[in-house]
Amino acid sequence: MRILRGEKLTAERQRLEQMRKYEHQYASCQAICGIDEAGRGPLAGPVAAGAVILPVDCEILYLNDSKKLTEKRREELFLEIKEKAVAWSVGIVNAGEIDEINILQATYRAMKKAVEGLIVTPDLLLNDAVIIPGVEIKQVKIIKGDGKSVSIAAASILAKVTRDHLMQEYDTLYPEYGFGKHKGYGTSAHIAAIKDHGLCPIHRHTFLKNISVE
């Protein structure tokens, strides 16, 4: 990872401090857990949710919304987050379950799995844009939270990188679809592959009703 110095390091630390201050309004809570998901929109593969509890005032440079980071930076942060977190977990719900219960319910299920997988019980959940049904822990819904909260940003990275790794594995099983490149999203190349080869076991049938499959 490129080392920041001087004004750039100062600016990055100031940016992160603003994100931490956003969480400090909940200072009475000792274990704040960020929650975010990856993979709601693709035509194939699972939805993943990350849950992360960071130490108070933990510094992880470049921590941000996973969509604003390069793949290389996400991979580096993925390792650093897991190393520095008080607790972390990722919940996965596969394509079959998504078809059975719909993507919103599958996202809730993945988030609940992530919370249940933590080795520390959080006092508060900061969620990116949702309230998770059936969870007794206090929750706060934050719109675009992955750009406002360090904990949600960390969760977004864990969810994204974990899902990307799974899609790379699926790429070796079903190389004709190009999952390693588009990660299951509806690119023109992916649509063309579906029309040429039909659906494979990780496709979301409910997302493909309007696509003619030969």
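Okay, so let's go over this structure. (Residues numbered from 1 in each chain as written. Predicted model: local features only at pLDDT ≥ 70, side-chain atom pairs only at ≥ 80, totals over all residues. Heavy atoms only, no water.)

## Thoughts on the overall build of the protein
Then, in step 1: The helix and strand inventory of the protein stands at 7 helices and 5 strands.
Then, in step 2: Relative to the compact-globule value of 17 Å for 214 residues, the protein shows a C-alpha radius of gyration of 18 Å, a close match.
Then, in step 3: If one aligns the C-alpha atoms of the protein with their principal axes, the spans along those axes are about 55 × 40 × 25 Å.
Then, in step 4: Relative to its full complement of 214 residues, the protein shows a buried share of 52%.
Then, in step 5: In the protein, once contacts between residues fewer than 6 apart in sequence are set aside, the share between residues at least 24 apart is 65%.
Then, in step 6: As displayed, the protein offers around 10600 Å² of accessible surface, 51% of which is attributable to carbon and sulfur atoms. (Helix = DSSP H or I, 4+ residues; strand = E, 2+ residues; numbered from the N terminus. Rg over C-alpha atoms; globule rule 2.2 N^0.38 Å. Buried < 20%, exposed > 50% of the residue type's maximum accessible area, 1.4 Å probe, protein only. Contact = heavy atoms within 4.5 Å. Areas by Shrake-Rupley, 256 points an atom, 1.4 Å probe, with all protein chains shown as cover.)

## Focus: the side chain of S151
Then, in step 1: Relative to the helices and strands, S151 resides in helix α5 (residues 150-173).
Then, in step 2: Residues in contact with S151, not counting those within four places in the same chain, are E23, I32, C33, G34, V52 and L54.

## As for the packing of aromatic side chains
Then, in step 1: Tallying each qualifying case throughout the model produces 1 aromatic pair.
Then, in step 2: Pairing Y177 with F179 gives two aromatic rings, centres 5.4 Å apart and planes at 15°, and the pair type is stacked. Across this residue pair, the class does not change: Y177 and F179 are buried.
Then, in step 3: Across from the ring centre of Y62, 3.6 Å away, lies the NZ or CZ of R73, which sits over that ring.
Then, in step 4: Its guanidinium or amino end placed over the ring of F207, R204 lies 5.0 Å from that ring's centre, counting from NZ or CZ. (Phe/Tyr/Trp six-rings, centres within 6.5 Å; stacked < 30°, edge-to-face > 60°. Lys NZ or Arg CZ within 6 Å of the ring centre and 35° of its normal.)

## Comments concerning the sheet that holds strand β5 (residues 138-142)
Then, in step 1: Here 5 strands make up an open sheet; going across it, the order is β3-β2-β1-β4-β5 and the pairing mixed. Of all strands in the sheet, those bounded by a partner on one side alone are β3 (87-93) and β5. Strand-to-strand twist across the sheet, computed as the mean angle between neighbouring axes with direction ignored, equals 20°.
Then, in step 2: Here 6 bridges tie strand β1 (residues 32-38) to strand β2 (residues 47-53), and the two strands are oriented antiparallel to one another. Bridging from a neighbouring strand, C33 pairs with I53 of β2.
Then, in step 3: Relative to the sheet, α5 contacts β1, β2, β3, β4 (124-128) and β5, its axis offset from that of β1 by approximately 40°. (Pairing = 2+ DSSP bridges. Axes fitted to C-alpha atoms, helices over the stretch in contact; angles between N-to-C directions.)

## Here we look at the pairing of β1
Then, in step 1: With respect to burial, β1 is a largely interior element, 6 of its 7 residues being buried.
Then, in step 2: Pairing geometry for β1 and β4, over 4 bridges, is parallel. By the bridge assignment for β4, C33 is matched with L125.

## A short note on helix α4 (residues 103-116)
An α-helical turn contains 3.6 residues, so any two residues separated by three or four positions project in the same direction.
Then, in step 1: For α4, with 14 residues, the first-to-last C-alpha span of 20 Å sits near the 20 Å given by 1.5 Å per residue.
Then, in step 2: Every buried residue of α4 is listed here: I103, A106, T107, Y108, A110, M111, A114 and V115.
Then, in step 3: Buried-residue contacts for α4 involve β1, β2, β3, α3 (95-101) and β4.
Then, in step 4: You can read the cap of α4 off the contacts: a side-chain oxygen lies 3.1 Å from the backbone nitrogen of L104, and it is on N102. (Expected span 1.5 Å × (residues − 1). Polar contact = N/O pair within 3.5 Å; in protein donor to acceptor, adjacent residues only side chain to side chain.)

## Regarding the nonpolar core
Then, in step 1: Of all hydrophobic cores here, the largest spans 23 residues; its most connected members are C33, I35, V47, L125 and I132.
Then, in step 2: Broken down by secondary-structure element, the contributors of at least two residues to this core are β1, β2, β3 and α4.
Then, in step 3: Per element, the largest residue contribution to this core is 7 residues, and it comes from α4.
Then, in step 4: Not counting residues within four places of it along the chain, the set of residues in contact with I132 comprises I35, Y108, M111, K112, L125, N127 and Q139.
Then, in step 5: Core analysis: the second largest hydrophobic core is formed by 22 residues, V52, L54, Y62 and I81 among them. (Core = buried A, V, L, I, M, F, W, Y, C linked by side-chain atoms within 4.5 Å.)

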